[in-house]
Amino acid sequence: QVQLVESGGGLVQAGGSLRLSCAASGRTFSLYAMGWFRQAPGKEREFVAAISWSGGSTHYADSVKGRFTISRDNAKNTVYLQMNSLKPEDTAVYYCAADPTHTIVVVTTPEPGYLEVWGQGTLVTVSS
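Residues numbered from 1 in each chain as written. Predicted model: local features only at pLDDT ≥ 70, side-chain atom pairs only at ≥ 80, totals over all residues. Heavy atoms only, no water.

Peer 1: Run through the overall build of the chain, naming residues and quoting values.
Peer 2: Across its full length, the chain carries zero helices and eleven strands. When its helices and strands are written in sequence order, the chain yields β-β-β-β-β-β-β-β-β-β-β. For 128 residues, the compact-globule estimate of 2.2 N^0.38 gives 14 Å, and the chain sits close to it at 13 Å. Taken along the three principal axes of its C-alpha coordinates, the chain extends 40 × 25 × 25 Å. By residue count, 46% of the 128 residues in the chain fall in the buried class. Counting contacts in the chain only where the partners sit at least 6 residues apart, residues at least 24 apart contribute 61% of the total. Surface summary for the chain: the accessible area is close to 6,400 Å², and the carbon and sulfur share equals 50%. Of the side-chain charges in the chain, 10 are positive and 10 negative, and the distance between the mean point of each set is 7 Å. (Helix = DSSP H or I, 4+ residues; strand = E, 2+ residues; numbered from the N terminus. Rg over C-alpha atoms; globule rule 2.2 N^0.38 Å. Buried < 20%, exposed > 50% of the residue type's maximum accessible area, 1.4 Å probe, protein only. Contact = heavy atoms within 4.5 Å. Areas by Shrake-Rupley, 256 points an atom, 1.4 Å probe, with all protein chains shown as cover. Lys, Arg positive; Asp, Glu negative; His and termini not counted. Charge placed at Lys NZ, Arg CZ, Asp CG, Glu CD.)

As structure tokens, this is what we get:
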């Protein structure tokens, strides 16, 4: 089972960009589909983006489509989330998750409840 560590969060002005990274330990990283979720204060954790084991398939929540890009580098055991044109409503703690079932790239809006492998989260704050 992999372990995940996110980084790259911070404070940015609206319209700015950030790139989040999620580094995985373990030799089986390439067997997992990966996803990003976020949780704003007082709200439930919600799906942001997902990528298949090969990187050949991705999908996004409607709220971030066209602004965020998920990618992965299996040689570096890392998945990324490039966030452009950030808005104050993007403010949240961002979590990466690993999915050995690959459900995350099949279901339109994956629910976080079935996922067992999570990072600790990284805070993104977008000021207006």
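Peer 1: With reference to specific residues and values, describe the nonpolar core.
Peer 2: Nonpolar side chains in soluble globular proteins tend to be buried together. The biggest cluster of nonpolar side chains holds 38 residues, and the ones touching the most others in it are Leu4, Met34, Trp36, Leu81, Met83 and Tyr94. Those elements that provide at least two residues to this core are strand S3 (18-25), strand S4 (33-39), strand S5 (46-51), strand S7 (68-73), strand S8 (78-83), strand S9 (92-99) and strand S11 (122-127). Apart from residues lying up to four places away in sequence, Leu81 is in contact with Leu18, Arg19, Leu20, Trp36, Val48, Ala49, Phe68, Thr69, Ile70 and Tyr94. (Core = buried A, V, L, I, M, F, W, Y, C linked by side-chain atoms within 4.5 Å.)

Peer 1: Which residues make up the environment of Ser52, and what values go with them?
Peer 2: Examined against the element boundaries, Ser52 turns out to sit in the loop between S5 and strand S6 (58-60). By relative accessible area, which is 8% here, Ser52 ends up buried. Here the alpha-carbon distance between Ser52 and Leu31, two residues 21 residues apart in the chain, equals 9.0 Å.

Peer 1: Kindly report on the side chain of Asn77, identifying the contributing residues and their values.
Peer 2: Inspection of the secondary structure puts Asn77 in the loop between S7 and S8. At 2.9 Å, the side chain of Asn77 forms a polar contact with the backbone oxygen of Gly26. (Polar contact = N/O pair within 3.5 Å; in protein donor to acceptor, adjacent residues only side chain to side chain.)

Peer 1: I'd love a proper account of the sheet that holds strand S1 (residues 3-7), names of residues and values included.
Peer 2: Pairing within the open sheet is antiparallel, and its four strands lie in the order S1-S3-S8-S7. Strands with a single pairing partner mark the edges of an open sheet, and in this sheet they are S1 and S7. Here the average twist between neighbouring strands, direction ignored, is 15 degrees. (Pairing = 2+ DSSP bridges. Axes fitted to C-alpha atoms, helices over the stretch in contact; angles between N-to-C directions.)

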